[in-house]
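Chains, contacts and geometry: an overview
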Amino acid sequence: MAKQEMKKISQRVMSNSICSKIVVLVLLAIFSFPQSLISAGSNVELIEQNWPFHGVFGRFDKASLQRGFKVYREVCAGCHGIRHIAYRDLEDIGFTKDEIKSIAAEYELLDGPNDEGEMFTRFAKLSDKFVGPYENVNAARVANNGAYPPDLSLITKARVGGADYLYSLLNGYKEYPENFEASEGMYFNEYYPGNQIAMPAPIEDDIVEYDDGTEASQSQIARDVTSFLAWTAEPELETRKSLGVKTIFFLILISIMLLGVKRKIWKDLD
Ligand code: HEC
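About the thresholds
- Residues numbered from 1 in each chain as written.
- Predicted model: local features only at pLDDT ≥ 70, side-chain atom pairs only at ≥ 80, totals over all residues.
- Near = placed C-beta within 6 Å.
- Nonpolar A, V, L, I, M, F, W, Y, C, P; charged D, E, K, R; others polar.
- Axes fitted to C-alpha atoms, helices over the stretch in contact; angles between N-to-C directions.
- Helix = DSSP H or I, 4+ residues; strand = E, 2+ residues; numbered from the N terminus.
- Left-handed = near helix turned anticlockwise from the far one by under 90°.
- Contact = placed C-beta atoms within 7 Å.
- Core = buried A, V, L, I, M, F, W, Y, C linked by C-beta atoms within 7 Å.
- Buried ≥ 20, exposed ≤ 12 C-beta atoms within 10 Å, placed from the backbone.
- pLDDT = per-residue confidence, 0-100.
- Parallel < 35°, antiparallel > 145°, perpendicular 65-115°, else oblique.

Here we come to the site of the ligand. Residues in close proximity to the ligand total 22 residues, the closest being Cys76, Cys79, Pro149, Ala198 and Met199. Class assignment for the residues of the shell around the ligand results in 18 nonpolar, three polar and one charged.

The next point concerns the packing of helix α6 (residues 162-170) against helix α7 (residues 218-233). Look at α6 against α7: their axes get within 9 Å of each other, and the N-to-C directions meet at 145 degrees. As α6 runs across α7, the sense of the crossing is right-handed. Here Ala163, Leu166, Tyr167 and Leu170 of α6 lie close against α7, whose contacting residues are Ala222, Arg223, Thr226, Leu229 and Ala230. For the contact of α6 with α7, the per-class residue count stands at seven nonpolar, one polar and one charged.

As a further point, take the nonpolar core. Ranked by size, the top nonpolar core spans 37 residues in total, and within it Leu166, Val225, Phe228 and Leu229 carry the most contacts. Those elements giving two or more residues to this core turn out to be α2 (62-74), α6 and α7. Counting residues per element, this core draws most heavily on α7, which supplies eight residues. Excluding residues that lie within four positions of it along the chain, valine 225 makes contacts with Gly68, Val71, Tyr72 and Cys76.

Our next topic: the confidence of the model for the protein chain. For the protein chain, mean pLDDT is 90; residues scoring 70 or higher make up 84% of the total. Low pLDDT (under 50) marks residues 33-40, which in the prediction has four contacts with non-local residues, meaning those over four places away or in another chain.

As a further point, take the packing of α2 against α7. Packing of α2 against α7 brings their axes to within 7 Å, and their N-to-C directions diverge by 100 degrees. It follows from the interaxial angle that α2 and α7 lie roughly perpendicular. On α7, the residues that touch Ser64, Leu65, Arg67, Gly68, Phe69, Val71 and Tyr72 of α2 are Ile221, Asp224, Val225, Ser227, Phe228 and Trp231. Of the residues belonging to the contact of α2 with α7, the class tally is eight nonpolar, three polar and two charged.

See the structure below:
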């Protein structure tokens, strides 16, 4: 009997120590994961920017988002989609319904089938998601030397370094260094893992003309389009952050009130 109990206890101890080992392993995996991704990529330090949407009170700069959308539309949209964003979402960054209607009307998409069972093309509506530049992945690859230009709606979340990585990437094109074995149709980029990217440098000074008179320098363009793509990755960021701040404020208030109540109840017993 005593032997069996001993066995049970030792089994429990064993399984407990296995559990704790698993917990340690999982924690190690979690904490070393981004590190291993960084080291798998480029080891050059990213250019850090002071983004208005970072931090507890983070907010988007609407003027910058609108300029960034212009850059996306006139430059990036030729090769990249933003399929998680609907045309009507642009209202959030300050466009009017009429402006959005005319933007949507520039895009055509395949719809159907109609009553006769035929597919048909029509202009995009406010409720449609952004129409991408290619019919399918293969068509995209053929047009880009075999490389696939990824959808950009979630790109700032999908890459280590987020907005700073995107900003650095757009400013990171250089001539090939000497003795670098360059592949055909590839471009040197300091921040891209492996340093060779199939995307030609997409921006340069004055590649767009801003309606609000902002100087369209390369770094300004990179900053605006990065802000825009941070918004497409998390359009609800402002709501989330202001809810967080309200919740913390509420928790502080309720803690103070509870402390007061506790003091009052225990007063006579002290
Ligand atoms: C001529 C087509 C073309 C244009 C225009 C273009 N891209 Fe690309 N982009 C590509 C291709 C192709 C790739 C895939 C690169 C690869 O796999 O080597 C790519 C990849 C990317 C990536 C992914 C990089 C990574 O870490 O995997 C980002 C981010 C990106 N582009 C942003 C942009 C932005 C922002 C613009 C507009 C300012 C833009 N691109 C304009 C073709 C283009």
